[in-house]
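What the coordinates show
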Amino acid sequence: MADPALSQTLGQRIAGVARMKRLGIGMHSYGLHWKAGPFNDALSFLDYAHGLGAGGVQVSIGQRDATYARKLREKCEAWEMYLESQASLPADESAVMRFTAEVQTAQAAGATIMRTAMLGGRRYEIFNTAQEFEAFAAKSWKSLTLAEPILKKHGVRLAIENHKDWLIPELLRIVQKISSEYVGICIDTGNSIALLEGPLAVVEAYAPFAISTHVKDMGVAQYEHGFLLSEVPLGAGFLDLARMIQILERANPKIQWNLEMITRDPLEIPYLQDKYWATLKSMPARQLAEAVAMVRAHEQALPRVSQLSEAEKLKAEDDNVRQSLAFFSSLYSSATKSSAPAARSP
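Report follows, based on the coordinates. In this text the structure is predicted, and so the values were computed from the model without any measurement. (Residues numbered from 1 in each chain as written. Predicted model: local features only at pLDDT ≥ 70, side-chain atom pairs only at ≥ 80, totals over all residues. Heavy atoms only, no water.)

**What to know about the packing of helix 8 (residues 168-178) against helix 9 (residues 199-206)**
At a closest axis distance of 11 Å, the pairing of helix 8 and helix 9 adopts a crossing angle of 15 degrees. The pairing of helix 8 with helix 9 is recorded here as roughly parallel in orientation. In this structure, helix 8 meets helix 9 at a crossing whose hand is right-handed. Between helix 8 and helix 9, the residues in contact are Ile-168, Leu-171 and Leu-172 and Ala-201, Val-202, Ala-205 and Tyr-206, respectively. (Axes fitted to C-alpha atoms, helices over the stretch in contact; angles between N-to-C directions. Helix = DSSP H or I, 4+ residues; strand = E, 2+ residues; numbered from the N terminus. Parallel < 35°, antiparallel > 145°, perpendicular 65-115°, else oblique. Left-handed = near helix turned anticlockwise from the far one by under 90°. Contact = heavy atoms within 4.5 Å.)

The following block contains the structure:
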């Protein structure tokens, strides 16, 4: 007789793990609010997210004492919210103590996942030569090897974001080479469009290593040097978010969904300029052609906020988050009622 557990649908299996799963909020969804002052630490951000009905937060905690960490843990437990931390990796041995303290604080506060980005900017804007990028890659690997034993000791898993820095094969090589259960990927559903990678292809490739997310919807439009790329509220863009949810829930039913709705003017992706290609010269022509076709097929009017007053910017940011939170519940319910093919192995 077949094992009943093996015959469950994807939706049934997910329901058993994440029946009450709600969209959480990444701190960069409120970047304007952080600069303006309403939030000044993880506790104040958690309080605000709770008021919105969010399922949890992904936020920098920093180095805090035991009392502060206990307050964070107790609030999350009382409100049934998850907590994910984020921190920069140690650049060298002199930064190991700082990183260790941040991991210890995260663990004490109840966070078992820490998100990081290895590059603070965009690959095609920062590097002028392939050699510069290779030097960055070498430094990133050193940082990761310094961090991994600390993460392992304290039981905290590192989620490396695809942050407009790594192409799919490059990031996969990193997590496969480190080969640690304490190192995985924070899948950003929109970032890699800037590197001409298909959104679904990114999710499928990274799914086996997914331990966290930045969920966002995206809009695109052509401009004279390439195309514009913009975060838009969930449901207002062209990403197949339901399919992405299916793929990632199948790969990791415990994964949490962190909204990263950045309210800003569209980013310029200048693929028609030479500098863009300084570190991307091996990209197949077919990939470029597919990206251009994607932009042309999904072109839409994109939001701009630079002309708004400060008060209007803050309102727009808050409205975008609230709209996304409202959309997610029905999106998640619909996505998890049906099955999806298994993610491809890298």
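**Some points on helix 5 (residues 96-109)**
Between its first and last C-alpha, helix 5 extends 20 Å over 14 residues, near the 20 Å set by a 1.5 Å rise per residue. Next to the buried residues of helix 5 lie helix 4 (66-79), strand 3 (82-86), strand 4 (113-116) and helix 7 (130-154). Gly-110, located one to two residues past helix 5, shows a positive phi value of around 100 degrees. (Expected span 1.5 Å × (residues − 1).)

**Describing the sheet that holds strand 9 (residues 226-232)**
Across the sheet, three strands lie side by side as 8-9-11; this open sheet has antiparallel pairing. Each end of this open sheet is capped by a strand with a single partner; those strands are strand 8 (217-223) and strand 11 (267-269). The mean angle between the axes of side-by-side strands here comes to 30 degrees, regardless of whether they run parallel or antiparallel. Strands in contact with helix 11 (residues 285-298) are strand 8 and strand 9; relative to strand 8, the strand with the most contacts, it is inclined by about 100 degrees. (Pairing = 2+ DSSP bridges.)

**Concerning empty space enclosed by the protein**
Going through the model one piece at a time under the given rule, you end up with one cavity of 30 Å³ or more. Gln-222, Gly-226, Phe-227, Tyr-271, Ala-291, Val-292, Val-295 and Arg-296 are the residues that line the largest cavity. Considering every element that reaches the lining of the largest cavity, the biggest residue donor is helix 11, with four residues. Looking at the lining of the largest cavity residue by residue, the class counts come to five nonpolar, two polar and one charged. (1 Å grid on protein atoms, 1.4 Å probe; cavity = no way out; pocket = protein on both sides within 12 Å on 5 of 7 lines; lining within 4 Å. Points joined across faces, edges and corners; volume = space filled by probe spheres on them. Nonpolar A, V, L, I, M, F, W, Y, C, P; charged D, E, K, R; others polar.)

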